[in-house]
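Fold and geometry: a report
Below are the chains, spelled out letter by letter.
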Amino acid sequence: MTSRVIEKITEIDIILRKTLITNSKSDNSNYRMGFLTGEPGISLFYYLNYLRTRDVENIALLECAIEKSFSILNNTLKLNSFHCNGISGFMSGLMLIHRGNIIDLKDLLHYFSFNTDNYLTSSFNKALNGKNFDFLHGAEGILNYFLLQNKAENKVADYINVLDNTKIVIPKKGVAWKSNLLIDKKRSGVYNLGLAHGMASTIIILSKIIEGYGNLKAQQLLERNLEFYFSEELSMEYSASFPNLSSLDEPPKNSRLGWCYGDLGISIALWYAGRALKNESIKKKAISVCEKTLVRKDYPLTGIKDAGLCHGTAGIAAIYSRMYILTGKLEFRVAYEYWILETLNFAQEDIKNAGYKSWTTEGGIYETNVLSGIAGIGIALNQYIHEIDTSWDNCLLLS
């Protein structure tokens, strides 16, 4: 399989090079700033590509991927602040690359941190006041950036205070927070259990806070939110352990497999919670939830339609890889290799973009970005060959 992986990485590399050249010559009108959904995230592909090959040309391509972004940051008065499409995700991604010690971004990070941190703080507070805790498009993604910076103490206090004041106490079910994400263009106000937009990210952020700051209130909120999750666990006749969403008054449904929603993201959140709380039974529960997913490989049981990180095979592979690193369970390594192979198998020879389309509700589209496009697929494939843990998946809140 190694030769197939390298061949596919090479195909992706060719397309991403062309993308960078085209973007460097174009104006800024169509430039997408997001690290996960825009051109800057291509830098992460070339970071992994360099670690795998040690070919210094990748450093030049990495620099090319971020150079225009810094120019835009320096000349734009207002930008999106959130993790998925904006400044906090962009800066978080560059911090991960800087920590790899292959390129010194310290001065640039310091300069733009000095010029953007106040704006991000304001955006963080605004999101909190709006009860928008969303990881991709809300407060938790911005907070993750400040946690990476080790500058989060005041923001942690604000975050915990708002969580505590807005928690919904549900009799015999613990505490939870409703998502303000619109579901199916008509339904909001549900309890979202997923990682991308729901309380699984809250569990991980609270776990990071407990391990980094020892916050007692964070521990209490985490324990009560875990009560809610365990009360929502599906019975054995379901293929999934947890639903995607809960309104408390509708019949539960199976969840899909993926990074964005489903048991895999929940399992890794539970593992981090168990580690933070020093609770082995919660860690064992996390493992059992992940183990139950191992038999789900056919489409009716997975819901998988593409290979991207967000809701496709590469994201599934990334979670199994991280669970293997965390637990040492060989079955997760086997699953990791299976989903890497499935990522290769999703490529179609008769279409462009290295054979990959990203699935949307309106059909398949060609994307080059990290979250759902070929840059993210290439990153996952590079990590598979490189093997040494790079913690690149912090941009997905997996490390």
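Just so you know, these numbers come straight off a predicted model, no measurement behind them. (Residues numbered from 1 in each chain as written. Predicted model: local features only at pLDDT ≥ 70, side-chain atom pairs only at ≥ 80, totals over all residues. Heavy atoms only, no water.)

Residue placement: Asn49 occurs in helix H2 (residues 42–53). Classification of Asn49 as buried rests on a relative accessible area of 4%. For Asn49, the contacting residues outside a window of four places in its chain are Ile9, Asp13, Arg54, Asn58 and Asn382. (Helix = DSSP H or I, 4+ residues; strand = E, 2+ residues; numbered from the N terminus. Buried < 20%, exposed > 50% of the residue type's maximum accessible area, 1.4 Å probe, protein only. Contact = heavy atoms within 4.5 Å.)

Glancing now at the layout of surface pockets. By volume, the second largest pocket amounts to about 300 Å³. What lines the second largest pocket is a set of 15 residues, and nearest its centre among them are Leu96, Arg99, Leu148, Lys208 and Asn394. Those elements that place two or more of their residues in the lining of the second largest pocket are helix H6 (139–149) and helix H8 (199–213). Grouping the constituent residues of the lining of the second largest pocket by class yields five nonpolar, eight polar and two charged. (1 Å grid on protein atoms, 1.4 Å probe; cavity = no way out; pocket = protein on both sides within 12 Å on 5 of 7 lines; lining within 4 Å. Points joined across faces, edges and corners; volume = space filled by probe spheres on them. Nonpolar A, V, L, I, M, F, W, Y, C, P; charged D, E, K, R; others polar.)

Inspection of the secondary structure puts Arg17 in helix H1 (residues 2–25). Judged by its relative accessible area of 23%, Arg17 falls in the partly exposed class. Sequence separation of Arg17 and Cys64 is 47 residues, and the distance between their C-alpha atoms is 9.6 Å. Those residues in contact with Arg17 that sit more than four places away from it in its chain are Tyr46, Glu57 and Leu61. Side-chain polar atoms of Arg17 contact the side chain of Asp13, separated by 2.8 Å. (Polar contact = N/O pair within 3.5 Å; in protein donor to acceptor, adjacent residues only side chain to side chain.)

It is worth spelling out the UniProt feature "binding site: Zn(2+)" (unreviewed entry) in the protein at this point. UniProt marks Cys260, Cys310 and His311 with the feature "binding site: Zn(2+)" (unreviewed entry), using the numbering shown here. Taken together, the annotated residues stretch across 52 residues yet fold into one region, lying no more than 5.9 Å apart by C-alpha. Its place among the elements puts Cys260 in the loop between strand E4 (245–246) and helix H10 (263–277). Not counting residues up to four positions away in its chain, the partners in contact with Cys260 are Gly194, Leu195, Ala196, Cys310 and His311. Here His311 falls in the buried class, since its relative accessible area comes to 17%. Apart from residues lying up to four places away in sequence, His311 is in contact with Arg256, Leu257, Cys260, Asp306, Ser358 and Trp359. In terms of polar contacts, His311 uses its side chain to reach the side chain of Asp306, at 3.0 Å. (UniProt positions renumbered as here; feature names shortened; annotations may be inferred.)

Attention now goes to empty space enclosed by the protein. If you walk through the whole model with that rule in mind, you get two cavities of 30 Å³ or more. Empty space within the largest cavity amounts to approximately 120 Å³. Lining the largest cavity are 13 residues, with Phe133, Asp134, Lys178, Ser179 and His197 sitting closest to its centre. Looking at the lining of the largest cavity, its residues break down into three nonpolar, seven polar and three charged. Reported here for the second largest cavity is a volume of approximately 30 Å³. Gly308, Asn353, Tyr356, Lys357, Ser358, Glu367, Ser372, Gly373, Ile374 and Ile377 are the residues that line the second largest cavity.

The next subject is helix H14 (residues 330–345). Between its first and last C-alpha, H14 extends 23 Å over 16 residues, near the 22 Å set by a 1.5 Å rise per residue. Within H14 the residues assigned to the buried category are Phe332, Arg333, Ala335, Tyr336, Trp339, Ile340, Thr343 and Leu344. (Expected span 1.5 Å × (residues − 1).)

Once that is clear, we can look at helix H4 (residues 87–98). In this model, H4 (12 residues) spans 16 Å end to end at C-alpha, consistent with the 16 Å of a helix rising 1.5 Å per residue. Burial of H4 is extensive: 11 of the 12 residues sit out of reach of the surface.

Among the nonpolar cores identified, the biggest contains 134 residues, and Tyr159 and Trp259 are the most heavily contacted of them. If you tally residues by element for this core, the top one is H10, at 10 residues. In contact with Trp259, other than residues within four places in its own chain, are Phe135, Leu136, Leu195, Ala196, Leu309, Cys310, Gly315, Ile319, Leu371, Leu396 and Leu398. (Core = buried A, V, L, I, M, F, W, Y, C linked by side-chain atoms within 4.5 Å.)

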